Amino acid sequence: MKNRFLIFLFLLFNCSFVFSQITTDRPDQTESAVVLQTGQIQIESGISIEDSQSNINTLFRIGIIEGIEIRLNSNYLINDELSFMKKSSFSDFEVGAKFKIFNKTSNNTKVAFLSHLSIPTASEVFSNNVYGLLSRVNVSHDLNNESQLGYNLGYNKFEKMDGQLIYTIVYGRSLGSFSVFFEIFGDKSKDNSNINFDSGITYLLDDKKQLDLSLGKGINNDMFFISGGISINID
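Residues numbered from 1 in each chain as written. Predicted model: local features only at pLDDT ≥ 70, side-chain atom pairs only at ≥ 80, totals over all residues. Heavy atoms only, no water.

J.: How should the overall build of the chain be read in this particular structure?
T.: Assigned secondary structure in the chain consists of 1 helix and 13 strands. Starting at the N terminus, the α and β elements of the chain follow one another as α-β-β-β-β-β-β-β-β-β-β-β-β-β. Counting every atom, the chain has about 12,500 Å² of accessible surface; 60% of that belongs to carbon and sulfur. (Helix = DSSP H or I, 4+ residues; strand = E, 2+ residues; numbered from the N terminus. Areas by Shrake-Rupley, 256 points an atom, 1.4 Å probe, with all protein chains shown as cover.)

Here you go:
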């Protein structure tokens, strides 16, 4: 755990080449309702550290035409408990797209639809071993120039498994070069229900790059994580 925390600090504070005033899909669990403009590329990466597992996540977003972006999401898991032979591996890759549905400046509301296909590419112990479809509707409201409310409602379904309802709601506020957020998120399936809370901060280095730091805790479960990351926008 100590070594993983040192890796986390190294990634967060020694990546001074990265900068931002950009809208990202991290570090909160709520996916934004903003779709990248045509020709833009955004890379959002970070590490999340839990008690028994670490996850290095990287999301590639590419604006292909007006109102549509394509996405590739990867997770590299480090877990000593999953396998006695292999301690780390990529999990299943996800490919998908985000579609702009509604964007009205008159009422400061944005709506988008997001869907990913989970492909069983990982070794058996790190994989779901079946295809899955992960979809959600993303909504955001600009409350004023400094604050925003966002929420998601989604549904994840893997072959031969029960479906899982996903929900999030987040409040964010800008404080100059910093922004803070507070979020409730959870999931519900036939036999299980989890409710969680997280909060974090982002730091804007310039109009293309952003650093983030967050932590989360389960409300009705034992989950706890600390996370840090970097996002880069390329025109």
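J.: I keep staring at the environment of Ile-62 and nothing clicks. Help me out?
T.: In this fold, Ile-62 is placed in strand β2 (residues 53-65). The partly exposed category is assigned to Ile-62, whose relative accessible area is 33%. For the pair Ile-62 and Asn-233, spaced 171 residues apart in the sequence, the C-alpha separation amounts to 9.9 Å. (Buried < 20%, exposed > 50% of the residue type's maximum accessible area, 1.4 Å probe, protein only.)

J.: Help me out: how do you make sense of the layout of surface pockets in this one?
T.: Over the atoms rolls a probe the size of a water molecule, and in doing so it shows where empty space is left. There is about 800 Å³ of room inside the second largest pocket. Ranked by residue count, the leading element in the lining of the second largest pocket is strand β9 (residues 164-175), at 5 residues. Looking at the lining of the second largest pocket residue by residue, the classes come out as 10 nonpolar, 16 polar and 7 charged. (1 Å grid on protein atoms, 1.4 Å probe; cavity = no way out; pocket = protein on both sides within 12 Å on 5 of 7 lines; lining within 4 Å. Points joined across faces, edges and corners; volume = space filled by probe spheres on them. Nonpolar A, V, L, I, M, F, W, Y, C, P; charged D, E, K, R; others polar.)

J.: Sorry if this is basic, but what is going on with the pairing of strand β1 (residues 41-49) here?
T.: Remember that side chains alternate between the two faces of the sheet whenever the strand is regular. Of the pairings in the sheet, the one linking β1 to β2 comprises 9 bridges and is antiparallel in character. Bridge assignment links Ile-41 to a residue of β2, and that residue is Ile-62. Count of turn residues in the β1/β2 antiparallel hairpin: 3 residues. Of the pairings in the sheet, the one linking β1 to strand β13 (residues 224-234) comprises 9 bridges and is antiparallel in character. Opposite Gln-42, over in β13, you have Asn-233 as the bridge partner. (Pairing = 2+ DSSP bridges.)

J.: Can you walk me through the side chain of Glu-183 in this structure?
T.: Turning to its location among the elements, Glu-183 is positioned in strand β10 (residues 178-188). Polar contacts involving the side chain of Glu-183 include one to the main-chain amide nitrogen of Gln-29, which spans 2.9 Å. Reaching out from Glu-183, the side chain makes a polar contact with the side chain of Thr-30 at a distance of 2.5 Å. Setting aside anything within four residues of it in sequence, one finds Glu-183 in contact with Asp-28, Gln-29, Thr-30, Thr-168, Ile-169, Val-170, Asn-196, Phe-197 and Asp-198. (Polar contact = N/O pair within 3.5 Å; in protein donor to acceptor, adjacent residues only side chain to side chain. Contact = heavy atoms within 4.5 Å.)

J.: Looking at this structure, I do not really get the packing of aromatic side chains. What am I missing?
T.: Think of a pair of aromatic rings as described by two things: how far the centres are apart, and how the planes are tilted against each other in angle. This structure, assessed with the given rule, holds 3 aromatic pairs. Geometrically, the ring pair formed by Tyr-76 and Phe-90 is edge-to-face, given 5.0 Å between the ring centres and 75 degrees between the ring planes. Here the residue Tyr-76 occupies a position in strand β3 (residues 68-79), and Phe-90 occupies one in strand β4 (residues 88-90), the gap between them amounting to 14 residues. Under the relative-accessibility criterion, Phe-90 is labelled partly exposed at 39%. Residues Phe-178 and Tyr-203 carry aromatic rings whose centres are separated by 4.8 Å and whose planes lie at 45 degrees to one another, so their mutual orientation is tilted. Linking Phe-178 in strand β10 with Tyr-203 in strand β11 (residues 193-204), this pair joins segments that are 25 residues apart in sequence. (Phe/Tyr/Trp six-rings, centres within 6.5 Å; stacked < 30°, edge-to-face > 60°.)

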